[in-house]
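# Chains, contacts and geometry: an overview
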Amino acid sequence: MDSNHQSNGKLGKTEKKFLRKQNKARHTLLRHEGIETVSYATQILVVANGGLGNGVSRNQLLPELEKLGQVDALLMPPNKPYSFVTYKTIEESKKAYVTLNGQKIVDDLGQKIILYLNFVEKAQWKELGLQALPPGLKVVEEIISSEDEKLLLESVNWTEDTDNPNFQKSLKHRRVKHFGYEFHYENNNVHKDKPLPGGLPDICDSMLEKWLKEGFIRHKPDQLTVNQYEPGHGIPAHIDTHSAFEDEIISLSLGSEIVMDFKHPDGVTVPVMLPRRSLLVMTGESRYLWTHGITPRKFDTVQASKGHKSGIITGDVGDLTLNKRGIRTSFTFRKVRQTPCDCSYPLVCDSQMKEPPPSFPESDKEASQLEKKYVHQVYEEIAGHFSSTRHTPWPHIVEFLKALPSGSLVADVGCGNGKYLGINKELYMASNCCSALLSTLFVGCDRSQNLVDICRERQFQAFVCDALAVPVRSGSCDACISIAVIHHFATAERRMAALQELARLLRPGGKALIYVWAMEQEYKKKKSKYLRENRTSQGRQEINSDPSAQEQFVEPMPDTGRQDSACSVPSINDFQKGRCNSKEVANCKLPIHTNRTSFHSQDLLVPWHLKGNASKEKPTEPFGPAGTHDPGPVFHRYYHVFCEGELEAACQTLNNVSILQSYYDQGNWCVILQKI
């Protein structure tokens, strides 16, 4: 459709709708990707909704484009909902613009997606530059024959009697069987003194002996876990427990290829293709330091060239396409460790940690002690590094603060480095008041002395106090904000007490804005910024585009599968009785979360990797392909991540308070309440 031509005459309803959506695509490209379109014809078109991130493969899009002229290049950046096409001539590009604009294309899931084309001066993207596998990792292609693959798959009896000790019921997203020792998913370990009868299957014994003889592996495993995955399901990112298994962990992929993501603690992500009938071998750093996991989706971004099978999925946007997943069965072999682990990574080794993770608190005293050690002391240690990462105010919070009338007294309870105390200047500058007495007054408080010192260095008013006992007169504040604070309290009773303290500070008519971390880091089929911000070692191409942005232009993304949260929406009674899933984890060790992954427990410890030279002026050097550097000290902060409806239900139990708004904002549950 020629939008320029149509604008000269009277536009019909269909044409107006098309122009609105085309303009929306144009503005979204500029806002989120920095891609600027032009109003005149060029050889290059950006095709909104025609990207790998929309489920459109190279094999689908390229033939449609080639019908309209000679295509010099089709560039498809990974995980992006757009692509670039360069035609031989401007005339061919104009023909594609007129013909394909507003036309539907069917993706690999059978869903219809409407394409919106715009001219650009140049193709712009950011490509992945990491060209090396994680140290200690190798992939051996075609390690077995197709006949052996068939025999192995047929050897697994998924329907045998439940009395069989090797039998295990299906997990939520897969079928699983264990041999040698049962792998316990609740603690990622085995009972070393309770081996399963029968050992490993006979069919595996000769295969392992052959691999040992040929040098592919160094040790003969004594534990096997067989998993069968349906398309769309995945594996949470994890490191196999150091104290449970020896250095070498191997996994045989059968039935279908898959892309597995490896992540370094610094945030670097390396996607690795595991072909069908290939053997993945993890030793050393790749086994002990890097997490490995499989993203739950139905399609993988892979190399389009036929010669590329295993190894790194590169950022060559001229050679990427989508590959539909099939049913995959993995045989993962491990050797159970009989002595403590003495690896070279003591900061992440459970055998070498000075003390085990704490248990879930069963009393107020235990909760207070847990918070002191895993919240208060940690923030004192990481204050400088933490502050260097907290400099951009969140838009919805700024909007709340700027809507307050001049002269308001605002308490920021848990102010951190004072990120929101600086909004005071913006408010005063934006007002027409002539006297500072009429400007909004911000007062901040935080439990961390070092963070309060940072606030004072920035000329903000702040003092040290506990959020459960703020030394401010009742009913004196026009507004309060509590941003990323209440999730650090270790029991439902203490979280309720923190909410009650906020309500106490408010005058009648006063408002409070509360943010807590959400269990649901993927909401309405869209990942939070926390999940999307997986750094890679990148080479810049033309512009500084945000690799985490996956904004949809007009059409929705296809359903690529997701991992459901392991929590249910609590009722008001749960909070009145002080039991928000607490009983489920009492007497259990708190799990240590893997950064930038979905949550699988509400109460957990989240690692903070301290970087001594991290600041806005002197950023920490990223992990690079030439090698690794030792990670800095690792601290663990306690969190209770909130399920959908949990914060709102808690606020509903407060006296003389009404809820004005409840919403989800980039991985956080948020409530605005008002004192009646």
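Residues numbered from 1 in each chain as written. Predicted model: local features only at pLDDT ≥ 70, side-chain atom pairs only at ≥ 80, totals over all residues. Heavy atoms only, no water.

When its secondary structure is counted, the protein shows 16 helices and 33 strands. By sequence separation, contacts in the protein at least 24 residues apart represent 75% of the contacts at least 6 residues apart. For the protein, the accessible area works out to roughly 30800 Å², and carbon and sulfur atoms hold 49% of it. (Helix = DSSP H or I, 4+ residues; strand = E, 2+ residues; numbered from the N terminus. Contact = heavy atoms within 4.5 Å. Areas by Shrake-Rupley, 256 points an atom, 1.4 Å probe, with all protein chains shown as cover.)

Attention now goes to the confidence of the model for the protein. For the protein, the mean per-residue pLDDT works out to 81, and 79% of the residues sit at or above 70. No element of the protein has a lower mean pLDDT than strand β29 (residues 538–541), which averages 32, and none a higher one than strand β33 (residues 668–675), which averages 98. Residue range residues 426–438 is modelled with pLDDT below 50. Its contacts to residues more than four positions away, or to other chains, number 15 contacts. Per-residue pLDDT stays below 50 along residues 535–587; that stretch engages in 155 contacts with residues further than four places along the chain or on separate chains. (pLDDT = per-residue confidence, 0-100.)

Considering only enclosed or pocket space, the second largest pocket measures out at about 550 Å³ in volume. What lines the second largest pocket is a set of 19 residues, among which Met-353, Lys-354, Glu-355, Val-634 and His-636 lie closest to the centre. Breaking the lining of the second largest pocket down by element, the ones donating at least two residues are α8 (364–388) and β31 (634–640). Here the lining of the second largest pocket gets 5 residues from one element, more than from any other, and that element is α8. For the lining of the second largest pocket, a count of residues per class yields 12 nonpolar, 3 polar and 4 charged. (1 Å grid on protein atoms, 1.4 Å probe; cavity = no way out; pocket = protein on both sides within 12 Å on 5 of 7 lines; lining within 4 Å. Points joined across faces, edges and corners; volume = space filled by probe spheres on them. Nonpolar A, V, L, I, M, F, W, Y, C, P; charged D, E, K, R; others polar.)

Moving on to the sheet that holds strand β11 (residues 223–229). Strand order in this open sheet of 6 strands is β9-β16-β13-β21-β11-β10, and the pairing throughout is antiparallel. One side of each edge strand has no neighbouring strand; the edge strands of this open sheet are β9 (137–140) and β10 (174–179). Mean inter-strand twist for the sheet, computed between neighbouring axes without regard to direction, equals 15°. Summarising the sheet, β11 and strand β21 (residues 328–334) pair through 7 bridges and their orientation is antiparallel. (Pairing = 2+ DSSP bridges. Axes fitted to C-alpha atoms, helices over the stretch in contact; angles between N-to-C directions.)

Their axes nearest at 10 Å, the elements helix α5 (residues 146–155) and helix α6 (residues 202–214) cross at an angle of 145°. Between α5, through Leu-151, Leu-152 and Ser-155, and α6, the contact on the second element is made entirely by Ile-203, Cys-204 and Met-207. Of the residues that constitute the contact of α5 with α6, the class distribution is 5 nonpolar, 1 polar and no charged.

The phi dihedral of Asn-49 falls on the positive side, at around 75°, and the residue is not glycine. On the secondary structure map, Asn-49 appears in the loop between β2 (44–48) and α3 (58–66). The buried category is assigned to Asn-49, whose relative accessible area is 0%. Residue Gln-459 is not a glycine yet carries a positive backbone phi of 65°. Examined against the element boundaries, Gln-459 turns out to sit in the loop between α11 (449–457) and β24 (462–464). (Buried < 20%, exposed > 50% of the residue type's maximum accessible area, 1.4 Å probe, protein only.)

So, about empty space enclosed by the protein. Under the definition given, this model contains 4 cavities of 30 Å³ or more. Computed from the structure, the largest cavity encloses a volume of approximately 70 Å³. Taken together, the residues that form the lining of the largest cavity break down as 4 nonpolar, 4 polar and 4 charged.

Positionally, His-238 belongs in strand β12 (residues 235–238). When neighbours within four sequence positions are excluded, His-238 is seen to be in contact with Trp-290, Thr-291, His-292 and Thr-594. In terms of polar contacts, His-238 uses its side chain to reach the backbone carbonyl oxygen of Pro-236, at 2.9 Å. (Polar contact = N/O pair within 3.5 Å; in protein donor to acceptor, adjacent residues only side chain to side chain.)

If you walk across this open sheet you meet the 5 strands as β1-β7-β2-β4-β3, and the pairing is antiparallel. What marks the edges here is a single partner per strand, and that holds for β1 (37–38) and β3 (71–75). Where β2 lies against strand β4 (residues 82–87), 5 bridges are found, and the strand directions are antiparallel. The residue bridging Val-46 from the neighbouring strand is Phe-84, located in β4. Where α3 meets the sheet, it contacts β3 and β4, and its direction lies at approximately 150° from that of β3. Across the sheet, helix α4 (residues 90–100) lies against β2, β4 and β7 (116–120), angled at about 155° from β7, the strand it touches most.

What follows deals with the nonpolar core. Grouped together as the largest cluster of nonpolar side chains are 33 residues, with contacts concentrated most on Leu-499, Ile-514 and Leu-673. At the level of secondary structure, the elements contributing two or more residues to this core comprise β22 (409–413), β25 (477–483), α12 (492–505), β26 (506–517), α16 (646–652), β32 (657–664) and β33. A total of 6 residues in this core trace back to one element, the largest contributor, which is α12. Those residues in contact with Leu-499 that sit more than four places away from it in its chain are Ile-486, Ile-514, Leu-647, Ala-650, Cys-651 and Leu-654. One finds Leu-370, Phe-386, Phe-635 and Tyr-639 within the second-largest nonpolar core, a separate group that totals 29 residues. (Core = buried A, V, L, I, M, F, W, Y, C linked by side-chain atoms within 4.5 Å.)

Turning to the pattern of salt bridges, a few remarks are in order. Once the charged atoms of two side chains with opposite charge are near each other, the side chains can pair. Tallied over the entire structure, the rule returns 16 salt bridges. Between Arg-276 and Glu-149 there is a salt bridge whose closest N-O contact spans 2.8 Å. Highlighted residues: Arg-276 in the loop between β15 (269–274) and β16 (279–282) and Glu-149 in helix α5, separated in sequence by 127 residues. When its relative accessible area of 37% is taken as the criterion, Arg-276 is described as partly exposed. Across the salt bridge formed by Asp-240 and Arg-334, the nearest N and O atoms sit 2.9 Å from each other. Residue Asp-240 is located in the loop between β12 and β13 (249–254), and its partner Arg-334 is located in strand β21; the two are separated by 94 residues in the primary sequence. Its relative accessible area of 3% is what places Asp-240 among the buried residues. Here the salt bridges share partners, and the residues they tie into one network are Glu-142, Glu-149, Arg-276 and Arg-277. (Salt bridge = Lys/Arg side-chain N within 4 Å of Asp/Glu carboxyl O.)

So, on to α11. Residues of α11 that are buried: Leu-451, Val-452, Ile-454 and Cys-455. The arc that holds the buried residues of α11, viewed along the axis, is 155°, so those residues lie on one side. Contacts made by the buried residues of α11 are with α8, β23 (441–446) and β24. A distance of 3.4 Å separates the backbone nitrogen of Asn-450 from a side-chain oxygen at the start of α11, and that oxygen is part of Ser-448. (Arc of directions from axis to C-beta.)

This part takes up the side chain of His-640. Topologically, His-640 is positioned in strand β31. For His-640, the side chain forms a polar contact with the side chain of Gln-602, separated by 3.5 Å.

On to a positive patch on the surface, then. Where like charges cluster on the molecular surface, the positive patch consists of Lys-13, Lys-16, Lys-17, Arg-20, Lys-104 and Lys-112. Among the secondary structure elements, Arg-20 is positioned in helix α2 (residues 13–33). (Patch = residues over 30% accessible without salt bridge, like charges linked within 9 Å, V, L, I, M, F, W, Y side chains within 5 Å. Lys, Arg positive; Asp, Glu negative; His and termini not counted. Charge placed at Lys NZ, Arg CZ, Asp CG, Glu CD.)

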